[in-house]
Amino acid sequence: MLEIANLHKTFVVGGVAPRGALAGVDLKVLPGEFVTIIGSNGAGKSTLLNAIAGVFPVDRGIILLDNEDITLQPEHKRAAYIGRVFQNPLQGTAASMTIEENLAMAMRRGQRRGLKRGLTARSRKQIKESLAVLGLGLEDRLQCPVGLLSGGQRQALALVMATLVRPRLLLLDEHTAALDPTTAEQIILLTQRIVSQEGLTTLMVTHSLDQALRLGDRTIMMHEGQIVLSVSGPERAQMGVEDLLEEFRKLRGVQVTDDSLLLTTSA
Amino acid sequence: MLSFALISGSIEQGLAYGIMALGVFITYRVLQFADLTVDGTFPLGAAVAASLIVSGTSPFVACLVAMLAGMLGGALTGFLHTKLRIAGLLAGILTMTGLYSVNLRIMGRANIPLLRQPTVFTILEELLPKVPYLQLLVLLLLAVVIKLLLDAFLATDIGLAMRATGDSPEMIRSLGVDTEAMTIAGLSLANGLVAFSGALVAQYQGFADVGMGIGTVVVGLASVIIGTGIIRSHAVFHSTLGVLVGAIIYRLAIFFALRMGLEPTDLRIMTAVLVIAALALPTVKTRWRERRLSRLVASENARLLAEGYVGQKEEAGCVRDSQSA
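Rules behind the numbers
Residues numbered from 1 in each chain as written. Chains lettered and ligands numbered in written order. Predicted model: local features only at pLDDT ≥ 70, side-chain atom pairs only at ≥ 80, totals over all residues. Heavy atoms only, no water. Contact = heavy atoms within 4.5 Å. Buried area = accessible area lost by both parts, 1.4 Å probe. Salt bridge = Lys/Arg side-chain N within 4 Å of Asp/Glu carboxyl O. Polar contact = N/O pair within 3.5 Å; in protein donor to acceptor, adjacent residues only side chain to side chain. Helix = DSSP H or I, 4+ residues; strand = E, 2+ residues; numbered from the N terminus. Nonpolar A, V, L, I, M, F, W, Y, C, P; charged D, E, K, R; others polar. Patch = residues over 30% accessible without salt bridge, like charges linked within 9 Å, V, L, I, M, F, W, Y side chains within 5 Å. Areas by Shrake-Rupley, 256 points an atom, 1.4 Å probe, with all protein chains shown as cover. Buried < 20%, exposed > 50% of the residue type's maximum accessible area, 1.4 Å probe, protein only. Phe/Tyr/Trp six-rings, centres within 6.5 Å; stacked < 30°, edge-to-face > 60°. Lys NZ or Arg CZ within 6 Å of the ring centre and 35° of its normal. Pairing = 2+ DSSP bridges. Lys, Arg positive; Asp, Glu negative; His and termini not counted. Charge placed at Lys NZ, Arg CZ, Asp CG, Glu CD. Core = buried A, V, L, I, M, F, W, Y, C linked by side-chain atoms within 4.5 Å. 1 Å grid on protein atoms, 1.4 Å probe; cavity = no way out; pocket = protein on both sides within 12 Å on 5 of 7 lines; lining within 4 Å. Points joined across faces, edges and corners; volume = space filled by probe spheres on them.

Draft legend 1. Region of interest: the interface of chain A and chain B. Of the residues lining the interface, 31 residues belong to chain A; the matching set on chain B comes to 21 residues. Of the roughly 2,200 Å² buried at the junction of chain A and chain B (both faces included), carbon and sulfur atoms supply 59%. Among the residues of chain A in contact with chain B, His76, Met105 and Arg113 of chain A are the three that bury the most area, contributing 26% of the side total. Remark: the boundary between chain A and chain B carries three salt bridges. A salt bridge links Asp157 of chain B to Arg108 of chain A; the nearest nitrogen and oxygen atoms lie 3.2 Å apart. Inspection of the chain A/chain B interface yields twelve residue pairs in polar contact (both at pLDDT 80 or more). Breaking the side of chain A that touches chain B down by element, the ones donating at least two residues are α2 (75–78), β6 (82–85), α3 (89–92) and α4 (99–107) of chain A. Considering every element that reaches the side of chain A that touches chain B, the biggest residue donor is α4 of chain A, with five residues. Of the residues contributing to the side of chain A that touches chain B, the split by class is 14 nonpolar, nine polar and eight charged.

Draft legend 2. Spatial organisation of unusual backbone geometry. Of note, Asn6 of chain A is a non-glycine position whose phi angle comes to about 55°, a positive value. Tracing the backbone shows Asn6 of chain A in strand β1 (residues 2–9). Even without being a glycine, Tyr133 of chain B presents a positive backbone phi close to 55°. Positionally, Tyr133 of chain B belongs in the loop between α5 (120–127) and α6 (134–153).

Draft legend 3. Local environment of a nonpolar patch on the surface. Residue and element names in this part refer to chain B. On the surface, Phe4, Leu127, Leu128, Val131, Tyr133, Leu137, Leu140, Val144, Leu148, Phe237 and Leu241 cluster together into a nonpolar patch covering about 930 Å² of accessible area. If you list the elements that add at least two residues to the nonpolar patch, you get α6 and α11 (236–259). Counting residues per element, the nonpolar patch draws most heavily on α6, at four residues. Here Leu137 shows up in helix α6. Take Leu137: its relative accessible area is 42%, and that puts it in the partly exposed class.

Draft legend 4. Representation of the packing of aromatic side chains within the structure. Taken as a whole, this structure holds five aromatic pairs over all chains when the rule is applied. Ring centres of Phe11 of chain A and Phe56 of chain A lie 5.2 Å apart, and the angle between their planes is 85°; on these two criteria the pair is classed as edge-to-face. Of the two residues, Phe11 of chain A is situated in the loop between β1 and β2 (22–29) and Phe56 of chain A in the loop between α1 (45–53) and β4 (60–65); the sequence distance between them amounts to 45 residues. Phe11 of chain A sits in the partly exposed class, given a relative accessible area of 28%. By relative accessible area, which is 14% here, Phe56 of chain A ends up buried. Seen in terms of ring centroids, Phe4 of chain B and Tyr133 of chain B are 5.0 Å apart; in terms of plane orientation they differ by 80°. Their pairing is edge-to-face. Note that Phe4 of chain B is positioned in helix α1 (residues 4–30) and Tyr133 of chain B in the loop between α5 and α6, a separation of 129 residues in sequence. Its relative accessible area of 38% is what places Phe4 of chain B among the partly exposed residues. In this structure, Arg168 of chain A packs its charged tip against the face of Tyr81 of chain A, placed 4.1 Å from the ring centre. Here the guanidinium or amino end of Lys147 of chain B rests over the ring plane of Phe237 of chain B, the centre of that ring lying 3.8 Å away.

Draft legend 5. Molecular detail of the sheet that holds β1 of chain A. Residue and element names in this part refer to chain A. An order of β2-β1-β4-β5 is seen for the four strands of this open sheet, with the pairing classed as antiparallel. The open sheet has two edge strands, β2 and β5 (68–69), and neither has a second partner. Summarising the sheet, β1 and β4 pair through five bridges and their orientation is antiparallel. For His8, the partnering residue across the bridge sits in β4 and is Arg60.

Draft legend 6. Structural context of a positive patch on the surface. All names here are of chain B. Taken together, the side chains of Arg232, Lys285, Arg287, Arg289, Arg291, Arg292 and Arg295 present a region of like positive charge at the surface. Along the chain, Arg287 turns up in helix α12 (residues 267–306). On the accessibility criterion, Arg287 (53% relative accessible area) is exposed.

Draft legend 7. Layout of the nonpolar core. Core analysis: the biggest nonpolar cluster contains 120 residues, and Ile99, Met105, Leu131 and Leu157 of chain A have the highest contact counts within it. Tallying contributions element by element places α1 of chain B first for this core, with 13 residues.

Draft legend 8. View of empty space enclosed by the protein. Under the counting rule described, the total for this entry stands at two cavities of 30 Å³ or more. In this structure, the largest cavity spans a volume of roughly 70 Å³. Lining the largest cavity we find Arg84, Val85, Phe86, Gly92, Arg109, Ala158, Met161 and Ala162 of chain A together with Met171, Ser174 and Leu175 of chain B. Of all the secondary-structure elements, those providing two or more residues to the lining of the largest cavity are β6 and α6 (151–163) of chain A together with α8 (169–174) of chain B. With three residues, α6 of chain A is the largest single contributor of residues to the lining of the largest cavity. The residue inventory of the lining of the largest cavity, partitioned by class, reads seven nonpolar, two polar and two charged.

Draft legend 9. Structural view of the pairing of strand β3 (residues 34–39) of chain A. Residues and elements named next belong to chain A. For β3, a buried count of six out of six residues is recorded, marking the element as mostly surrounded by other parts of the structure. On β3, burial covers both faces: Phe34, Thr36 and Ile38 on one face and Val35, Ile37 and Gly39 on the other are all buried. Of the pairings in the sheet, the one linking β3 to strand β8 (residues 202–205) comprises four bridges and is parallel in character. Directly across from Phe34, in β8, lies its bridge partner Thr202. Two elements, β3 and strand β9 (residues 218–223), share five bridges in a ladder whose sense is parallel. Residue pairing in the sheet places Thr36 in a bridge with Thr219 of β9.

Encoded structure:
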């Protein structure tokens, strides 16, 4: 379970108005819950995910993961129990290294790394099995450098790597935004399958309102560093993209269009 | 006729400097860090080894201590870069600059001759007097063993994490690796090899000199670029082999350049030009291809214009429609 209270973060960039900051975020995510996060550019979606992952220290607030206070832990320490997939497929995998080497690194997540061989007959077998599930034929290309794979294949690999050692929390930061629609849909299906099979507690940032409502158990909307809407259950099940936009207008009392939100209504 | 005896010296130098080039390979290719510390840690290794040998220490022990000194130098650059956020290039230059004074302090003067001192080579020659090309064999064995150890290291869990630190730092951090520690460790390991190579070179050439480090990193880069250009592969085994081969080819190139009448004073500019050429080649190739392509497009477009396919004088505001296509 993830509990966040009163989380604040301001980026000071030489006199420029702070952007993408967090202004008191409270959030509770139940074990196994899959939450989708939407909001306009600069609303703080990615900042929230990065704060949870520990990319930067927060100004105020507390982050509890399974009742453990991780607020002050360095990024590489909490990575032991947080899986992440980035928007850019290049970021989530090491291009010059082979498929099996990438997965071997993912297998050691949260463990002490020593001078043992990274790849053994046993780990290779395990790697093959975890890749075969994807149905992309990657299990037959173990020695192939990841740089030769397509963006979609790399993102599928990144997803497998983020979940190979079961994380207590999975953070997906617009992980399909850089892909073409067909590939994005495949990665979404894969995400759904892995998350539901493993019962992973998941936070997913997306720019697609449709995707946000279709996937997971709850949708939250962020605006100016705060969570302004949280819908789940039957209320969410009956919601359409238009309703979400309407909610936003009501909450903010301003005239917003799909464009001004910088959200896309298509999948 | 060129005999092997004539070029064996170049091969020996290639192997001795090849160990330094393996260090440059770790920083430049594995960590993707342009590390100029090398110009300071190479003479540091020589200075430490020569001073210890002159004071009666075993040359073998002297080599190991030299390596440890180099590791400290590399770790310092890593510390400056990761913990104090000093740009990598500058961090290396700062360590290198500081080491110049340190090296002078260690040696107490600018040059220590080792001509009548025991070295790893003289000791082994006494032990195995009948072996031909012993010096070459010793250096070959050392270089190959270090290469194989490096290959094995880069295949361990830590080694994989180090490679990923250069390739995709966000990814490997998200998998629980402290990339700052990895950078420091990698720079340390690399400069340990560089200093070890400096210790060997000092004993091989019979002296340590405070100025012997100038241009070391460029020689290392030349070896890495030549070697990985000849042996093109993603596999570490092939890359490190290429680095050693590249270091030998570099020495042979110098040997032949000198035989063709080049002055030893011109060597540095030759090396610099070689590295510039190797680094610029991909860009020049692309430019050349683009220029050829734009000439092609220009002539094609001239034809389209001449044939009236596009660009006909038309009424203002009138857009040519698809019927002409």
